[in-house]
Structure formats: C-alpha cells, structure tokens
Amino acid sequence: MALLSSSPSLSITSPNYRYYPSRRLCLYPITATHVVAPHLIDKSSLIISETSSEDQLWAAACLRVRSFHEFKPSTFGIQDHKRYLAEREFEALKERIAGKRTGFNRVSCLNATLPLSQLLSLFDDDLCPQCKFRENGEDRVVVGTLDVNQCTNLPDEITGKKPEGIEGQFARGYLSNVCVAKELHRNGLGYDIIAKSKAVAQKWGITDLYVHVAVNNEPAKQLYMKSGFVYENDEPAWQARFLDRPRRLLLWLGLPGNQNW
C-alpha cells in the first residue's frame, strides 16, 4: 500500500530541501512500490489529540522522517542523518506551532497514539524506539500525525480560493504532513485522524479545508475523497518540474457552517 500522505509544509520534507553530507548517503522518496504487510490493531486504546508536550512533538517528527523518506540500509551515517532530519522537523514544527513562521495564523500538530505495550506484541522494528514518548506515566507511540494550518496558503503550493476576500485569512485551512506508520495501514487510522482534524478546524472557525496530494498517490486520494474532499484544482506541470516533484492536486472540503456545504 502506498504512503498515506499529503504535502509537507515548511519542513524537512519540503521539495526545496536537499541535504547530502556525502556521496555515499542517498535519500529516496517513498513510493507505491514500498509495501509493508499491515498489522491489525485494537483501537480501543487509540488516542487522537493535539500535541501537548515536546516529547510527543519529537516522536511525531521521527515518524515523519520515517514515513516520508527511505534510506538504503547500507548507506554511511544513516542514523546520524535520520536524527538530523528529525531535529530539523522538530524545530520547524515548534516554530510553526508557536506562531513564529510568517503566513501562519495558527498551526496544530495532531497525533494518533497507541500504548507501547500493544505494539511490542505485534512486531519488532524501529517504530517503537523511534516514535515513543511518555505521558501520564505511560509509554505511548505516535502512529499517525498531521498538521492543521490556518492560513491563506502554503509556500510553493497551489492556493485554495474559498472563501474569497479578507475572510480567507481566517476561514481557510490546510492539512499537511499527513502520514500513518506503514505497518499500521488498513486499520482506518488515516480516516480517524482526518476526522479529528475536521473537528479542530471547525473549532477554529475554518469553513473551507484543503489538502494537496500527488496525482500518482492513489491510496492518499482515496483516503481524502472518502473523507469528503473533492477536486478543486491541479498544479501546472511546469511548477512541478521546477520544484522537482510529482504534480499535485488540490482537494477541498466544506465544513459544517459553510453555506456551500
């Protein structure tokens, strides 16, 4: 199953960000050919909430690095490079949430988390040690994450047109950095975290919610469209070539309270 993700925003996953400390280290985008057998989980202990601690933010940053990039196991300095990428995302995420990035009225990181004890019984890999955090005396793991952005547009992305005028500064929102741990695809976690993001956006007064998705990312398109998003626009081919990335679609969702809903 392909990566369930939307466009990253102002982070290490931006198409303008490239870092190669040596010729022996190569960073590869994850594609639909990288398939991992899913594990069925008990979602009764699933918690989806806005991030409340820096430890949880760090765990989310690690999941994003793990989800948006693939490294050859034999590459030199792979662990150091992964940590560097996570640190970049962690610091950028803190700045966005604190309102220190121009153009963002408000940003919230939503995380889906499960108890560490439940995941350890399912599989043994790097998800648990990398994406673990401790909260209220319990070890939990971030298994899904996204950002809700209240802003007029995201840098280097096609911009939504609804609503028009000055109202768009406060009533227009974007989802970004949407990902679910690859081992836990097909458990409905993507739908769950997007449903929560709609509630957060509505609480902020957002009436028009957008998400960008690569034209060749069929699983992500199905996720968003089954969650109520519809096509509004697509990125010009020249812009995608200039930014060295797959062409993207812009999908729109009208939230309750929107006169077009």
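Note that this is a predicted model, so its numbers are computed, not measured.

Regarding the overall build of the protein chain
No. 1: Along the backbone of the protein chain there are eight helices and 10 strands.
No. 2: Considering the protein chain as a whole, with its 261 residues, one finds that 51% of them fall into the buried category.
No. 3: A separation threshold of at least 6 residues defines the contact pool for the protein chain, and within that pool the share at least 24 residues apart is 79%.

Thoughts on the packing of helix H1 (residues 54-68) against helix H2 (residues 78-97)
No. 1: It is the contact of H1 with H2, at a shortest axis distance of 8 Å, that shows an interaxial angle of 125 degrees. As the angle between them shows, H1 and H2 are arranged oblique. Of the two possible hands of crossing, H1 and H2 adopt the one that is right-handed. Mapping the contact onto sequence places Glu54, Leu57, Trp58, Ala61, Cys62, Arg64 and Val65 in H1 and Lys82, Arg83, Leu85, Ala86, Glu87, Glu89, Phe90, Leu93, Lys94, Arg96 and Ile97 in H2.
No. 2: Residues of the contact of H1 with H2, tallied by class, amount to 10 nonpolar, no polar and eight charged.

Description of helix H7 (residues 218-226)
No. 1: If you check which residues of H7 are buried, you get Pro219, Ala220, Lys221, Leu223 and Tyr224.
No. 2: Turning to H7, the residues buried within the fold contact strand S7 (172-180), helix H6 (189-203), strand S8 (208-214) and strand S10 (248-254).
No. 3: The residue sitting at the N-terminus of H7 and contributing the capping side-chain oxygen is asparagine 217; that oxygen lies 3.2 Å from the backbone nitrogen of alanine 220.
No. 4: Within two residues after H7, glycine 228 carries a phi angle of roughly 110 degrees, on the positive side.

Brief notes about the confidence of the model for the protein chain
No. 1: Per-residue pLDDT for the protein chain has a mean of 84; in total, 83% of the residues score no lower than 70.
No. 2: The model gives residues 7-35 a pLDDT under 50, and that stretch makes 78 contacts with residues more than four places away or in other chains.

Things to note about unusual backbone geometry
No. 1: With an omega dihedral of -15 degrees, the bond running from lysine 162 to proline 163 counts as a cis peptide bond.
No. 2: Structurally, proline 163 is set in the loop between strand S6 (138-151) and helix H5 (168-171).
No. 3: Backbone geometry at aspartate 156 places phi at a positive 65 degrees, although glycine is not the residue there.
No. 4: Mapped onto the fold, aspartate 156 is located in the loop between S6 and H5.

Conventions and cut-offs
- Residues numbered from 1 in each chain as written.
- Predicted model: local features only at pLDDT ≥ 70, side-chain atom pairs only at ≥ 80, totals over all residues.
- Heavy atoms only, no water.
- Helix = DSSP H or I, 4+ residues; strand = E, 2+ residues; numbered from the N terminus.
- Buried < 20%, exposed > 50% of the residue type's maximum accessible area, 1.4 Å probe, protein only.
- Contact = heavy atoms within 4.5 Å.
- Axes fitted to C-alpha atoms, helices over the stretch in contact; angles between N-to-C directions.
- Parallel < 35°, antiparallel > 145°, perpendicular 65-115°, else oblique.
- Left-handed = near helix turned anticlockwise from the far one by under 90°.
- Nonpolar A, V, L, I, M, F, W, Y, C, P; charged D, E, K, R; others polar.
- Polar contact = N/O pair within 3.5 Å; in protein donor to acceptor, adjacent residues only side chain to side chain.
- pLDDT = per-residue confidence, 0-100.

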